[in-house]
Amino acid sequence: GCQDKNVGLSSLGKNIIKRMNQLGMIVDMSHMSEKSTYDAMEHSNAPAIFSHSNPKGVLDCERNITDNQIKDCADQGGVIGVTGIGKFLAKDYNTNTATIFQHVDYLVTLVGPEYVSIGFDYMFDLNEMFELIEKHPDLYPPEKGYSKEALCFAAPEQLPELSMLMTQHGYTKQDINNIMGENYW
């Protein structure tokens, strides 16, 4: 995974991608190691996506993705969805709309609005999430920053404000609609 050793896909992983392509399933690389993402893009005959990943160029965090990953994803027709999790947005875990817009705007500047979307990864039941973290410290190690403070979430109610920010920064109505979800289709 994205926080494990940076190994590529196994032969089983490559076969799974082949089968996913045959079934018309989307290959999502958000939880893959960096090397695995390049393997996935190489072996998929359909665009692979990052459904909820943020750029390291805004916040250098092991879960976020590099400019090269972003460009390669866009080059093969994939989409990058900005996640709204504080740990992956800002050092102070800020989930305000201006912080989210920084990530969106960085991606748009890097690869264009047709390859950017929103993938908040929103949790409706935070207590369930915190129970999961407590029960599985092997999956959510506290030393890697998994805490109640770090795992705060941007909310869907922020989307109108994000749309306004994009309008104020000169994004077209079509670009905003695409970023708000139409790019996934």
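Residues numbered from 1 in each chain as written. Predicted model: local features only at pLDDT ≥ 70, side-chain atom pairs only at ≥ 80, totals over all residues. Heavy atoms only, no water.

> Give me the lowdown on the overall build of the protein chain, citing residues and values where you can.
Secondary structure assignment for the protein chain yields eight helices and two strands. Counting from the amino terminus, the protein chain carries its helices and strands in the arrangement α-α-α-β-α-α-β-α-α-α. For 185 residues, the compact-globule estimate of 2.2 N^0.38 gives 16 Å, and the C-alpha radius of gyration of the protein chain, at 16 Å, lies within 12% of that figure. C-alpha extents for the protein chain along the principal axes are approximately 45 × 40 × 25 Å. In the protein chain, buried positions account for 46% of the 185 residues. (Helix = DSSP H or I, 4+ residues; strand = E, 2+ residues; numbered from the N terminus. Rg over C-alpha atoms; globule rule 2.2 N^0.38 Å. Buried < 20%, exposed > 50% of the residue type's maximum accessible area, 1.4 Å probe, protein only.)

> How would you sum up the packing of helix 2 (residues 34-43) against helix 3 (residues 67-75)? Please name residues and give values.
For any two helices packed against each other, one specifies the inter-axial angle together with the distance between the axes. Helix 3 packs onto helix 2 with a crossing angle of 15 degrees between their chain directions and a minimal axis gap of 11 Å. As judged from the angle between their axes, helix 2 and helix 3 are roughly parallel. Regarding helix 2 and helix 3, the two cross each other, and that crossing is left-handed. Here helix 2 contributes Glu34, Thr37, Tyr38 and Met41 to the contact with helix 3, which in turn contributes Asn68, Gln69, Asp72 and Cys73. (Axes fitted to C-alpha atoms, helices over the stretch in contact; angles between N-to-C directions. Parallel < 35°, antiparallel > 145°, perpendicular 65-115°, else oblique. Left-handed = near helix turned anticlockwise from the far one by under 90°. Contact = heavy atoms within 4.5 Å.)

> Explain the nonpolar core to me, and be specific about the residues and the numbers.
Judged by nonpolar contacts, the single largest core of 32 residues is most densely connected at Met29, Ile100, Val104, Met166, Tyr171 and Ile179. Of all the elements in the fold, those that place two or more residues in this core are helix 1 (11-23), helix 2, helix 3, strand 1 (80-82), helix 5 (97-111), strand 2 (116-118), helix 7 (159-168) and helix 8 (173-179). (Core = buried A, V, L, I, M, F, W, Y, C linked by side-chain atoms within 4.5 Å.)

> Got a sec to walk through the environment of isoleucine 85? Specific residues and values, please.
Checked against the element boundaries, isoleucine 85 lands in the loop between strand 1 and helix 4 (86-89). Apart from the residues lying within four places of it in its own chain, the contact partners of isoleucine 85 are Thr95, Phe120, Asp121, Ala150, Leu151, Cys152 and Phe153.

> Quick rundown of the pattern of salt bridges? Include the residues and the values.
Inspection of the entire model under this criterion finds one salt bridge. Among the salt bridges present, the one from lysine 35 reaches aspartate 39, with a minimum N-O distance of 3.8 Å. A residue pair is termed a helical-turn pair when its members lie 3 or 4 positions apart in one helix, as lysine 35 and aspartate 39 do in helix 2 at four residues. (Salt bridge = Lys/Arg side-chain N within 4 Å of Asp/Glu carboxyl O.)

> Describe unusual backbone geometry, naming the residues involved and giving the relevant values.
Of all residues except glycine, most have a negative phi; of all peptide bonds, most are trans. Unusually for a residue other than glycine, tyrosine 93 sits at a positive phi of about 65 degrees. Residue position: tyrosine 93 is located in the loop between helix 4 and helix 5.

> Describe in detail the packing of helix 5 against helix 7, supporting the description with residues and values.
Their axes nearest at 10 Å, the elements helix 5 and helix 7 cross at an angle of 55 degrees. When the axes of helix 5 and helix 7 are compared, the pair comes out oblique. Along this stretch, helix 5 crosses helix 7, giving a crossing that reads as right-handed. The residues of helix 7 that touch helix 5, namely those facing Thr97, Ala98, Ile100, Phe101 and Val104, are Glu161, Leu162, Leu165 and Met166. A breakdown of the residues in the contact of helix 5 with helix 7 according to their chemical character gives seven nonpolar, one polar and one charged. (Nonpolar A, V, L, I, M, F, W, Y, C, P; charged D, E, K, R; others polar.)

> Before we move on, can you summarise the environment of glycine 78 with the specific residues and values?
Tracing the backbone through its elements, the reader meets glycine 78 in the loop between helix 3 and strand 1. Separated by 63 residues in the primary sequence, glycine 78 and proline 141 place their C-alpha atoms 30 Å from one another. When neighbours within four sequence positions are excluded, glycine 78 is seen to be in contact with Pro47, Ala48, Ile49, Cys73 and Tyr115.

> Kindly report on helix 1, identifying the contributing residues and their values.
Given a rise of 1.5 Å per residue, 13 residues ought to cover 18 Å, and the 18 Å separating the end C-alpha atoms of helix 1 matches this to within 8%. Residues Gly13, Ile17, Met20 and Asn21 constitute the buried set of helix 1. The arc that holds the buried residues of helix 1, viewed along the axis, is 100 degrees, so those residues lie on one side. For helix 1, the exposed residues lying more than 90 degrees away from the buried face are Ser11, Leu12, Lys18, Gln22 and Leu23. Contact partners of the buried residues in helix 1: helix 2. Residue glycine 24 follows helix 1 closely and has a positive phi angle near 80 degrees. (Expected span 1.5 Å × (residues − 1). Arc of directions from axis to C-beta.)

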